[in-house]
Amino acid sequence: MDHITRSLAEVEALCARILSVNGLSIAQAEAISRFLTAGERDECRSHGVYRIPGCVKTVKGRNFKPQAVPHLAPSTGPFLRVDAKHGFSCLAFETALPALVERANTFGFAALAINNCYHFTALWYEVEELARHGLVSIAMNPSLRAVAPAGGRKALLGTNPFAFAWPRLGQNPYVFDFATSEVARGEIELHRQSDKPIPPGWALDTRGEPTTDATAALAGAMLAFGGHKGSALSTMIELLAGPMIGDLMSYESSEFDAGEGVAPCHGELILVFSPETIQGENSKTSQLRAEHLFAQIAGQGARLPSQRRYEARARSLKNGVKISKLQHDLLLALLP
Ligand code: NDP
Ligand code: PYC
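What counts as what
- Residues numbered from 1 in each chain as written.
- Chains lettered and ligands numbered in written order.
- Predicted model: local features only at pLDDT ≥ 70, side-chain atom pairs only at ≥ 80, totals over all residues.
- Heavy atoms only, no water.
- Disulfide = S-S within 2.5 Å.
- Buried < 20%, exposed > 50% of the residue type's maximum accessible area, 1.4 Å probe, protein only.
- Near = heavy atom within 4 Å.
- Polar contact = N/O pair within 3.5 Å; in protein donor to acceptor, adjacent residues only side chain to side chain.
- Areas by Shrake-Rupley, 256 points an atom, 1.4 Å probe, with all protein chains shown as cover.
- Nonpolar A, V, L, I, M, F, W, Y, C, P; charged D, E, K, R; others polar.
- Helix = DSSP H or I, 4+ residues; strand = E, 2+ residues; numbered from the N terminus.
- Contact = heavy atoms within 4.5 Å.
- Axes fitted to C-alpha atoms, helices over the stretch in contact; angles between N-to-C directions.
- Parallel < 35°, antiparallel > 145°, perpendicular 65-115°, else oblique.
- Pairing = 2+ DSSP bridges.
- Arc of directions from axis to C-beta.
- Salt bridge = Lys/Arg side-chain N within 4 Å of Asp/Glu carboxyl O.

## Regarding the state of the cysteines
Thought 1: Under the counting rule described, the total for this entry stands at zero disulfides.
Thought 2: Left unpaired, cysteine 90 is separated from the closest cysteine sulfur, that of cysteine 55, by 7.7 Å.
Thought 3: The class for cysteine 90 is buried, based on a relative accessible area of 0%.

Printed below as a string of structure tokens:
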């Protein structure tokens, strides 16, 4: 048997237990477990339970604060700032969420900067959550020095994810969320773990030559998606979710890590719009026009981003999730 089936509740409880017995506060452990279980549920394995060993390593890291309690700075305006206090980003996001929703509804627009957070989770979880409150949002963050700028051959930029969500009438929100590299680094790590080659076009080795070897790719430089376009988008994310919010860019985050190899520490920026506040009585018409666009996309036989995820979710809610025996053994090894 190379897979083990577990209910979502079992996965979430196991993750929280592993993290808390390894020293993380219960609140931090539970928040992370919600994010990672959702990743497993939606078959987003590059940001599912495979991340737990890296989390445990991070919890024991030099600069990490396992008991950190995020602090939401007092503010009466549309800009909010939550200091994760060198804990993980998940609890900081959850701490700021009610105020972010309230500000977006009040002003029509709100922004949240999360500072000083160790960050390793997928962004769709956050923008989808905002869409469930009727809000449109964009989220982004730098990560670690991993990607060559277009035209270069050495890692400098992060894999810098970019996510967007649009709430829909009576349906799951429209959500996309992608790394600005050809693929998330986690995907290459999973290839390395199961000893599989990566497709051509994902990465260069340390000499700057194309490689299909996952280990060589991780040591070398990943490639930006879409050449100069992905590279520019990634640079924008470095700037907006770095210097603009007073936090680290990817290469600076790697310097902060200083070879320890724990989750990257930096910031995140989330921009939120309330269609109802901005459009007032016209918001219903706007929603219908958006639906017309989605219908035309689907009408061509194209699938919407997140459709695969929502289908996986429906399966997992019914049948539980399959975790590879390899992953499961790695998890159990983290328990006393
Ligand atoms: P993928 O390439 O797997 O997917 C990117 C997006 O495109 C998803 O929304 C996906 O929807 C959609 N999509 C894929 N194929 C199609 C298609 N044929 N038609 C329409 N839409 C499609 O993602 P990445 O490998 O780039 O990133 C994976 C995750 O890694 C992201 O969730 C990201 O947040 C995370 N990440 C996190 C980082 C961090 O610093 N915390 C750094 C980098 C990445 P669907 O899911 O339904 O397939
Ligand atoms: O998969 O690229 C990635 C990644 C980096 C940080 C967290 N995930």
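## Thoughts on the site of ligand 2
Thought 1: Taken together, His47, Arg51, Phe120, Thr159, Ala184, Arg185 and Gly186 are the residues near ligand 2.
Thought 2: Between ligand 2 and arginine 51, the relevant distance is 3.0 Å, taken from an oxygen atom to a side-chain nitrogen or oxygen of the residue.
Thought 3: At 2.7 Å from an oxygen atom of ligand 2 is found a side-chain nitrogen or oxygen belonging to threonine 159.
Thought 4: When isolated, ligand 2 has an accessible area of 240 Å², and the protein chains bury 90% of it.
Thought 5: Taken together, the residues of the shell around ligand 2 break down into two nonpolar, three polar and two charged.

## Considering the environment of serine 324
Thought 1: Residue position: serine 324 is located in strand β13 (residues 321-324).
Thought 2: In this structure, the C-alpha to C-alpha distance between serine 324 and tyrosine 50, residues 274 residues apart in sequence, is 9.8 Å.
Thought 3: In this view, serine 324 contacts Asp2 and His3; residues no more than four positions away in its chain are not counted.
Thought 4: At 3.1 Å, the side chain of serine 324 forms a polar contact with the backbone nitrogen of glutamine 327.

## A look at the side chain of asparagine 22
Thought 1: Tracing the chain through its elements places asparagine 22 in the loop between α1 (8-21) and α2 (26-41).
Thought 2: Discounting chain neighbours no more than four positions away, the residues touching asparagine 22 are Val56, Val59, Lys60 and Leu334.

## So, the packing of helix α5 (residues 124-132) against helix α12 (residues 307-319)
Thought 1: Interhelical geometry of α5 versus α12 gives an angle of 85 degrees and a closest axis separation of 14 Å. Put simply, α5 runs roughly perpendicular to α12. Facing α5, whose interface residues are Trp124, Glu128 and Arg132, α12 presents Arg309, Tyr310 and Arg313.
Thought 2: For the contact of α5 with α12, a count of residues per class yields two nonpolar, no polar and four charged.

## Focus on the sheet that holds strand β11 (residues 221-223)
Strand pairing in a sheet relies on backbone hydrogen bonds. The paired strands run either parallel or antiparallel.
Thought 1: The four strands are arranged β6-β11-β9-β10 in an open sheet whose pairing can be described as mixed. Two strands bound the open sheet, and with one partner strand each, they are β6 (147-148) and β10 (210-211).
Thought 2: As judged from the two bridges shared by β6 and β11, these two strands associate in the parallel manner. Residue alanine 148 lies in a different strand from β11, and its bridge partner there is leucine 223.

## Description of the site of ligand 1
Thought 1: In the vicinity of ligand 1 there are 23 residues, among which His47, Thr121, Asp177, Ala179 and Arg308 approach most closely.
Thought 2: Between alanine 184 and ligand 1, the recorded distance is 3.1 Å, taken from a backbone N or O atom to an oxygen atom.
Thought 3: Computed on the free molecule, ligand 1 has an accessible area of 930 Å², of which 74% lies beneath the protein chains in the complex.
Thought 4: Of the residues forming the shell around ligand 1, the biggest block, four residues, is contributed by strand β8 (residues 171-179).
Thought 5: Classifying every residue of the shell around ligand 1 by side-chain character gives eleven nonpolar, eight polar and four charged.

## Observations concerning helix α13 (residues 325-332)
An α-helix turns once per 3.6 residues; consequently, residues spaced three or four apart project the same way.
Thought 1: Buried within α13 we find Gln327, His328 and Leu331. Relative to the axis of α13, the buried residues are bounded by an arc of 100 degrees and lie together on one face.
Thought 2: For α13, the elements touching its buried residues are β1 (3-6), α1, α3 (52-59), α6 (185-193) and β13.

## Details of the pairing of strand β7 (residues 161-168)
Side-chain direction in a regular strand flips from residue to residue, so the side chains alternate between the two faces of the sheet.
Thought 1: Within β7, seven of the eight residues are buried, which leaves the element mostly enclosed by the surrounding structure.
Thought 2: As defined by bridge partners, strand β5 (residues 136-140) adjoins β7 across four bridges and the pair is classed as antiparallel. Bridge pairing in β7 places serine 137 opposite alanine 165.
Thought 3: Counting the residues that bridge the hairpin from β7 to β8 gives two residues, and of these glycine 170 lies at a positive phi of roughly 65 degrees.

## Quick look at the pattern of salt bridges
Thought 1: As enumerated under the stated definition, the model contains 15 salt bridges in all.
Thought 2: Notably, a salt bridge pairs aspartate 42 with arginine 309, separated by 2.7 Å at the nearest N-O pair. With aspartate 42 in the loop between α2 and α3 and arginine 309 in helix α12, this pair connects stretches of sequence that are 267 residues apart.
Thought 3: Its relative accessible area of 0% is what places aspartate 42 among the buried residues.
Thought 4: For aspartate 329, the salt bridge is made with lysine 325, and the minimal N-O distance between the two is 3.0 Å. With aspartate 329 and lysine 325 both in helix α13, this residue pair falls four residues apart, about one helical turn.
Thought 5: One salt-bridge network, in which partners are shared between bridges, spans Arg41, Asp42, Glu128, Arg132, Arg309 and Arg313.

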